[in-house]
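What follows is each chain in one-letter form.
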Amino acid sequence: MAGRARHGESPYKLLKKDDVVQDMKKRAAVSDFSPAKQIVLDYPDEELLLVYDRTFAYGQCFYLVLTPEAKEKILKPPTPVEQEAEEEVEVPPRPEHWIGLGSEHEIEAESVRETRKKLQYAFSRERRAFGQPVCFSDRSATDAQTGLIDCASYEDSSFSIKRVQLDSSIQAIPTLQNNSAQTQWKFQKNASTQYALEQLTDEEKEGILQSGSLKCFMNLVTPRTLVNLQQEAIMNVFKDDCENLEEVAEHGRPAKASKDLMIYQDFVNQKYTQDKKVSSINWHPNIHGVIAVAMAGKKKRAATFVDKPSLILFYSFSNLFQPLLLLEGPDDILAFEFCPSDPNIIVGGCRNGQVVLWDISAHVTVLQATDKKVSDDDKFDLTDTKDDTIPLLHYCAASTLQSKHRGAVTDITWLPPAFAVTDTGVPVKNQHKMSVQVLSCSLDCTLKFWDVQTLKWFNESVLERKLTDQKMQSFRQPERTWKPLFQVSLSKIDTSGEYVPLRFSMEHYTCNGEDHEDVNSNMLPDVNTKLYIGTEDGEIIYTDWAQGKDESEQGENHSTKPLHCFSVHHWVVNTVQRSPFFKNIILSVGEWNFAIWREEVMEGPIIQSANSDQTYCAGCWSLSRPAVFFIGKEDGSVEVWNLLERTSEPVHVQEHVSKARITCMKPCMLSSRQHFLAVTDDEGLVRILEIPKAFHVCARHESSGVMKYFEMEEKRLKSFLEMEELWGKERKEDKKKPTRTVLELTKQQEYDEFLILEKQILKDIGPPSAAVGTEDT
């Protein structure tokens, strides 16, 4: 219906009624025929007529003919002869006979008298013109031949009429009236009333729900409600377009762009989100508009026989009311991630310490909304039967209870497809060129590497980047002895005990493609085996997962201690994320502040913020601007930071994004003009915010400007550390100087006072006399 009829083509199109009904069933409120749903269903013929309106007579490009008579009249218009015969001949009205009531006699009786004398004019003519007829004509008074002069009106400045100024006032007061009434006083006494809510029986409730009046009412209001929802999804009627007019400045960025994060879509389903929070969120890498969220209980669940399942919900912009797919796990899923090589494979970490896998390749068509079916009953149904059609997929592989983590899995990620690790932690070239290994961290103070390859297809001769159908069977038939390759313990550097990891970030390594001819051609020495880890106590540790040799135990491999530990955050670290533009820049967010790290700098963070008045809960980098990142807070607001504009405070704070505590944030670039930010909270709400152009349009030379700023902050940090070291040396030298006792200080003070007194006495006596000296001689 979006097309236009070309010149010379027929502006009419016959549509089958069944095709229109199927379109309304599949597309629901998005269908163009949904406003006239009931009329289309009641149409008696099998074909509907769609007409292209060139003149926009009815306000739209097309209009639908909904009666058979009108359809026949349009398809078979009458001939000119028939049209003239059908037209009614207009007969002018005949004047009626006037009936006089006596007024004509009054008019005849009246006499007209002239009250003003007639003007007389005398015309002089030449003698030769006597007797000839007179001919009058119009002539302008300004004609110079007649000797007349035009006297135009003008304003005389010397004459003016003074208006009298009057002061007048009006006061409006209410009408006052005094009334009195005689009341009879009665004795006061206490009284109470008790009422109870009228309860309906199950039979009465069922009768009301099945009543025809209720169904008629719902069928009546449903089309209007769907139209309103469709209009709200298409555009924001409360948006002021005049305020969003943008003027491009000289530096290439919008000068007057809106900075508000507009709400684009909300996803929530009380059936699956009741008493749960969103623990992890990820956008589908290939299917635009599809987002997956993991639900977890707000508190640790007790072992009961009747309990809600642990699910991952898949939402889509095409379905606003219910999820498209459900993934079930053995326990609450706290972290999950799509495989970068094959998004149909998903790995997740559970609260009980297990690592599980899902294969959604059989349900991709459901996410793409190609095989989506609607119930045959097109009427409004009061029973909630739609949730039964949502596919529920169980996990296809899980780690054994003996080899799982002893604590909850807090973060998990896939290793890059360019390399793999051996059971000793040595990076080697990945022959499959696809991600087949997983790294997870847990509250049991360990990191574990998992290999999803099984013996059924790992030793096959054909090495392809994509999994074949035979290889996919290995995920559907999991090995019961799935164990980790090796684990890395996080022992504390100076004291006994271990660090408790919550989040980690590793460098995304890409192979340069060079082949080595030596024996160790499989090894990749340039892989960065170090990673940043955020702990439960607010510490940021820098460690190496490569195994070290223990000389005292016959050269066995063991985990090395972390290289550095920084106590920057005051409490739990909820975000450790690398910049999508600089692989050596890391953002860490704690409970009260955030910090930015550079991997080559081991003295501390190059940027550290002041403490916030509200608790920080989540953070993420922008995918289009190197200087912008977002931070979610406990009060439901979102802060937008721009390092090139302000570093002491955010450039924008979006209030009331959510009513509850924000748990996760994940950006997404749907297109070059549409950038979204997914925000979740403690109540299970998934809110999609549209990022304005002011925060996603990259400025000119922004990347180089941010890098220069990071280098400047690195120099500032090193100079500060040098000055601090110098001040420490000076303080040590001051401590080495000898100190005098209190008695010595008291004696020195008395001696100084004696010298002052002596000097004053000598000044008062003055110099000796000259005469006295002569007599002595």
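Just so it is clear, the structure is predicted and the values come from calculations on it, not from any experiment.

Okay, the overall build of the protein chain next. Scanning the protein chain from terminus to terminus reveals 15 helices and 36 strands. Across the 777 residues that make up the protein chain, the buried fraction comes to 38%. Of the contacts formed within the protein chain by residues at least 6 apart in sequence, a portion of 60% connects residues at least 24 apart.

Moving on, we come to the side chain of Glu 639. If you trace the backbone, Glu 639 turns up in strand E32 (residues 638-642). A distance of 3.0 Å separates polar atoms of two side chains, one belonging to Glu 639 and the other to Trp 641. In contact with Glu 639, not counting residues within four places along its chain, are Tyr 616, Phe 629, Phe 630, Ile 631, Lys 633, Pro 650, His 652 and Val 653.

Even without glycine at this site, Asp 275 takes up a positive phi of about 60°. When you line up the elements, Asp 275 lands in the loop between helix H8 (270-273) and strand E5 (276-283). Judged by its relative accessible area of 59%, Asp 275 is exposed. Here Cys 445, not a glycine, exhibits a phi torsion of approximately 70°, which is positive. Turning to its location among the elements, Cys 445 is positioned in the loop between strand E17 (437-442) and strand E18 (446-451). Note on Cys 445: relative accessible area 11%, which makes it buried.

Glancing now at the sheet that holds strand E20 (residues 501-506). Strand order in the open sheet made by the 4 strands is E20-E21-E22-E25, with antiparallel pairing throughout. Sheet topology places E20 and strand E25 (564-567) at the edges, where each strand pairs with a single neighbour. The average undirected angle you get between the axes of adjacent strands in this sheet is 20°. Pairing between strand E22 (residues 539-544) and E25: 4 bridges, direction antiparallel. Pairing of Glu 539 across the sheet is with Ser 567, part of E25.

As a further point, take the pattern of salt bridges. The final tally for this structure, using the stated rule, is 17 salt bridges. Across the pair Asp 613 and Lys 633 runs a salt bridge whose closest N-O atoms are separated by 3.6 Å. Of the two residues, Asp 613 is situated in the loop between strand E29 (607-608) and strand E30 (616-621) and Lys 633 in strand E31 (residues 628-633); the sequence distance between them amounts to 20 residues. Two residues, Lys 718 and Glu 714, come together in a salt bridge whose shortest N-O distance is 3.3 Å. On the criterion of helical spacing, the pair formed by Lys 718 and Glu 714 is a turn pair, its members being 4 residues apart in helix H13 (residues 702-736). Residue Lys 718 is classed as partly exposed on the basis of its relative accessible area of 38%.

What the 4 strands build is an open sheet, ordered E26-E27-E28-E29; its pairing is antiparallel. Each having just a single partner strand, strand E26 (575-578) and E29 make up the two edges of the open sheet. Here strand E27 (residues 585-589) runs beside strand E28 (residues 594-598); their pairing, made up of 5 bridges, is antiparallel. Bridged to Ser 588 within E28 is Ala 595.

This brings us to helix H7 (residues 212-234). Given a rise of 1.5 Å per residue, 23 residues ought to cover 33 Å, and the 33 Å separating the end C-alpha atoms of H7 matches this to within 8%. Of all bends in H7, the biggest is about 30°, found at Thr 222, and the proline Pro 223 comes one to four residues later. Among the residues making up H7, those that are buried are Met 218, Val 221, Thr 222, Val 227 and Gln 230.

Right, let's get into the environment of Arg 625. Position of Arg 625 relative to the elements: it lies in the loop between E30 and E31. Judged by its relative accessible area of 1%, Arg 625 is buried. Separated by 72 residues in the primary sequence, Arg 625 and Val 697 place their C-alpha atoms 7.1 Å from one another.

Looking now at the pairing of E5. The buried count for E5 comes to 7 of 8 residues, which makes it a mostly enclosed element. Pairing analysis gives 7 bridges linking E5 to strand E6 (residues 290-297), with the strands arranged antiparallel. Pairing of Ile 281 across the sheet is with Val 293, part of E6.

Our focus in this paragraph is a nonpolar patch on the surface. Side chains of Ile 234, Met 235, Val 237 and Phe 238 sit close together on the surface and give an oily, nonpolar patch of about 520 Å² of accessible area. As for its position among the elements, Ile 234 is in helix H7. We classify Ile 234 as exposed; its relative accessible area is 63%.

This next bit is on the confidence of the model for the protein chain. For the protein chain, per-residue confidence averages 79 on the pLDDT scale, and residues scoring 70 or more make up 78% of the total. Contacts from residues 455-480, a stretch scored under 50 in pLDDT, to residues over four places away or in other chains number 43 contacts. Overall, residues 515-519 carries pLDDT values under 50, and its contacts beyond four positions in sequence, including any with other chains, amount to 2 contacts.

A few words now on a negative patch on the surface. Together, Glu 198, Asp 202, Glu 203, Glu 204 and Glu 206 make up a region of like negative charge exposed at the surface. Here Glu 206 is to be found in helix H6 (residues 202-209).

Scoring rules and cut-offs
- Sequence positions are assigned chain by chain, starting from 1 and proceeding in written order.
- Reporting in this predicted model follows two pLDDT cut-offs: at least 70 for local features of residues, and 80 or more for side-chain atom pairs to be given and counted; totals over whole chains, interfaces and linings ignore these cut-offs and use all residues.
- Side-chain numbers here rest on the full set of heavy atoms in the structure, without hydrogens or water.
- A run of H or I in DSSP becomes a helix once it reaches four residues, and a run of E becomes a strand once it reaches two; helices and strands are each numbered from the N terminus.
- Burial here depends on accessible area, computed with a 1.4 Å probe over protein chains only, as a share of the maximum for the residue type. Under 20% is buried, over 50% is exposed, and the range in between is partly exposed.
- Pairs of residues are marked as contacts when any of their non-hydrogen atoms sit within 4.5 Å.
- Throughout this description, a polar contact denotes any pair of N or O atoms lying within 3.5 Å of each other; where both atoms belong to protein, one of them has to be capable of donating a hydrogen while the other can accept it, and for residues adjacent in sequence the pair is counted only when both atoms sit in side chains.
- Any two strands between which DSSP finds at least two bridges are classified as paired.
- For every element, the axis is a line fit to its C-alpha atoms; helices are fit only across the contacting stretch, and the angle between N-to-C directions ranges from 0 to 180 degrees.
- The salt bridge criterion pairs a side-chain nitrogen of Lys or Arg with a carboxyl oxygen of Asp or Glu, the two atoms within 4 Å.
- The span expected for a helix works out to 1.5 Å for each residue beyond the first.
- Consider a residue and the seven residues that end there alongside the seven that start there; fitting an axis to each set, the bend is the angle between those axes.
- Note on patches: the residues involved have over 30% relative accessible area and no salt bridge, like charges join within 9 Å, and the nonpolar side chains Val, Leu, Ile, Met, Phe, Trp and Tyr join within 5 Å.
- In this description, accessible areas are obtained by the Shrake-Rupley approach with a 1.4 Å probe, and a residue is regarded as covered only by the protein chains that are shown.
- Per residue, pLDDT captures the predictor's confidence, and it can take any value from 0 to 100.
- His is not counted here, nor are the chain ends, while Lys and Arg score as positive and Asp and Glu score as negative.
- Taken as the charge centre is NZ of Lys, CZ of Arg, CG of Asp or CD of Glu, depending on the residue.

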